[in-house]
Amino acid sequence: MENGNKRLAVLVGCNYPNTPHELNGCINDVLAMRDELVKRFGFDHNHIELLTDAPGSLVMPTGANIKKALDQMLKKAEPGDVLFFQYSGHGTRIPSAKPGHPFRQDEAIVPCDFNLITDVDFRQLVNCLPKGASFTILSDSCHSGGLIDKEKEQIGPSSVTNDGTLQQSCSPKTIPFESILQHLTSQTSINTSDIGTHLLELFGADASHKFNLHPHELDLSESLKTDEGILLSGCQANETSADMNPMMTGGKAYGAFSNAVQMVLKYHLGSLSNKEVVLLARKSLEVGGFAQHPCLYCSDENADAPFLWQPQGSGL
């Protein structure tokens with residue numbers, strides 16, 4: 001792939017302040033990455049959109065606002081451009097509506113208004129990429145493995161058992177399906193366990209494509225060829241990602257995966273492949289005693305491609 005003319009980014013940090021699901025480090029995660037994008041990877045501040053739920057935030061990271069920001073980024077994209085989306089916040093798993101998979105679960109991120117963005121939405125975004133552009137997603141959230149539907153697994157579920165215990169100063173970045181269902185039911189007053197019914201009632205056309213499209217249309221949305229979607233996930237689909245509490249660490253709050261990536265970039269100034277970033281982040285988390293395994297989903301070619309297409313020697 002040619003180095004793109006434009007580098008575009010959408011960064012989303014959700015701390016869910018003053019709610020039972022409050023986290024500490026998610027906004028710090030995306031602020032740190034914004035600095036890294038500008039200093040190291042050649043992004044222009046004007047081409048980075050930041051959405052957080054910090055007090056006084058002008059644009060809240062609702063499901064509709066996140067999808068709008070991503071859609072606008074895709075519309076600006078041209079062949080050779082480098083697109084990046086980082087999400088730090090809660091993730092969840094929802095029952096799959098796919099025929100023949102009655103016990104399967106699908107992955108989703110949880111915006112501040114609980115209007116879930118699902119693996120199907122990210123698949124559709126990747127499918128809309130202009131030829132020759134790349135779209136890298138870094139998701140520091142629970143159950144984030146597989147967040148691009150049908151993307152090829154390069155580094156996935158680890159067969160190595162982790163004897164380390166989770167750090168006591170962290171919280172899992174997950175909201176259980178039952179809690180999300182309870183929250184939505186309290187708003188719709190509809191007596192059903194079908195989450196799509198609640199989301200469509202509350203958000204209408206802004207709800208995930210997973211619930212707005214007919215199952216036949218969902219089948220057509222699958223990837224039929226090698227694509228330029230690249231997912232670096234904070235953990236496997238069945239795992240949780242950790243949010244570190246500053247009261248316990250004695251420093252700044254952060255997401256364990258986001259911090260591991262920052263440390264990898266700090267100590268390896270040259271160009272790193274997507275595979276190297278994930279493997280080094282895995283090692284860093286293992287040394288820190290975290291029971292989460294970052295994953296990589298992308299084409300074979302993109303596994304060995306430079307992370308965010310950093311030119312060789314840049315940053316030295």
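Bear in mind the structure is a predicted one, so any value in this text is a computation, not a measurement.

A.B. asks: Quick question: what am I supposed to make of the overall build of the chain here?
C.D. replies: The number of helices and strands found in the chain is 11 helices and 13 strands. Considering the chain as a whole, with its 316 residues, one finds that 53% of them fall into the buried category. If you take every contact in the chain between residues at least 6 apart in sequence, the share linking residues at least 24 apart comes to 77%. A total accessible area of about 14,000 Å² is found for the chain, and carbon and sulfur atoms account for 52% of it.

A.B. asks: Help me understand the packing of helix H1 (residues 26-41) against helix H9 (residues 256-267) in this model?
C.D. replies: Axis separation between H1 and H9 bottoms out at 10 Å; the angle between their running directions is 25°. Taken together, the axis directions place H1 and H9 in an arrangement best described as roughly parallel. Judged by the twist between their axes, the crossing of H1 over H9 is left-handed. Of the residues in H9, those touching H1 at Asp29, Ala32, Met33, Glu36, Arg40 and Phe41 are Ser258, Val261, Gln262, Leu265 and Lys266.

A.B. asks: Explain the pairing of strand E2 (residues 48-52) to me, please; I cannot follow it from the model alone.
C.D. replies: In summary, the side chains of a regular strand alternate between the two faces of the sheet. As paired elements, strand E1 (residues 7-13) and E2 share 5 bridges and run parallel to each other. Within E2, the residue paired with Val12 across the bridge is Leu51. Read from E1 through H1 to E2, the crossover connection turns out right-handed.

A.B. asks: What am I meant to see in the pairing of strand E7 (residues 134-140) here?
C.D. replies: Among the 7 residues in E7, 7 count as buried, and that is most of the element. Burial along E7 is two-sided: Ser134, Thr136, Leu138 and Asp140 facing one way and Phe135, Ile137 and Ser139 facing the other are all buried.

A.B. asks: Hey, could you run me through the packing of helix H4 (residues 177-188) against helix H5 (residues 195-203) in this one?
C.D. replies: The packing of two helices is summarised by the inter-axis angle and the distance between the axes. Contact pair H4 / H5: the axes reach a minimum separation of 10 Å and the direction vectors enclose 45°. Classified by the angle their axes make, H4 and H5 are oblique. Classified by chirality, the crossing of H5 by H4 is left-handed. On H5, the residues touching Phe177, Ile180, Leu181, Leu184, Thr185, Gln187 and Thr188 of H4 are Ile195, His198, Leu199, Glu201 and Leu202. Residue classes in the contact of H4 with H5 are distributed as 7 nonpolar, 4 polar and 1 charged.

A.B. asks: Explain the pattern of salt bridges here, please?
C.D. replies: For side chains of opposite charge, pairing can occur when their charged atoms come near one another. In the structure shown here, the tally under the stated rule is 12 salt bridges. Across the pair Asp227 and Arg123 runs a salt bridge whose closest N-O atoms are separated by 3.1 Å. Linking Asp227 in the loop between helix H7 (215-220) and strand E10 (229-233) with Arg123 in helix H3 (residues 119-127), this pair joins segments that are 104 residues apart in sequence. On the basis of relative accessible area, Arg123 is assigned to the buried category, the value being 0%. Residue Asp149 pairs with Lys150 through a salt bridge whose shortest N-O separation is 2.7 Å. Given the relative accessible area of 5%, Asp149 is considered buried.

Cut-offs applied
- Each chain carries its own residue numbering, running from 1 in the written order of its sequence.
- Side-chain atom pairs in this predicted model are given and counted only at pLDDT of 80 or more, local residue features only at pLDDT of at least 70, and totals for whole chains, interfaces and linings cover all residues.
- Side-chain measures were taken over the full set of non-hydrogen atoms in the model, leaving aside hydrogen atoms and water.
- A run of H or I in DSSP counts as a helix once it spans at least four residues, and a run of E counts as a strand once it spans at least two, with each numbered from the N terminus.
- The classification of residues rests on relative accessible area computed with a 1.4 Å probe and restricted to protein chains. Under 20% of the type maximum is buried, over 50% is exposed, and intermediate values are partly exposed.
- Contacts are residue-level and defined by heavy atoms, with any inter-residue pair within 4.5 Å sufficient.
- In short, Shrake-Rupley with a 1.4 Å probe defines the accessible areas, and a residue's cover is counted only from the protein chains shown.
- An axis is simply a line fitted to the C-alpha atoms; with a helix, the fit covers only the stretch in contact. Between two such axes, the angle follows the N-to-C directions and lies from 0 to 180 degrees.
- Oblique is the label for every angle not falling under 35 degrees (roughly parallel), over 145 degrees (roughly antiparallel), or within 65 to 115 degrees (roughly perpendicular).
- The sense of a crossing depends on the near helix, which, turned anticlockwise from the far helix by less than a right angle, makes the crossing left-handed and, turned clockwise, makes it right-handed.
- Note: two strands are recorded as paired if DSSP finds a minimum of 2 bridges between them.
- Call a crossover right-handed when, viewed with both strands pointing away from you, the route from the first strand across the helix to the second goes clockwise.
- We call Asp, Glu, Lys and Arg charged. Ala, Val, Leu, Ile, Met, Phe, Trp, Tyr, Cys and Pro are nonpolar, and the rest, Gly among them, are polar.
- The working definition used for a salt bridge is a side-chain nitrogen of Lys or Arg within 4 Å of a carboxyl oxygen of Asp or Glu.

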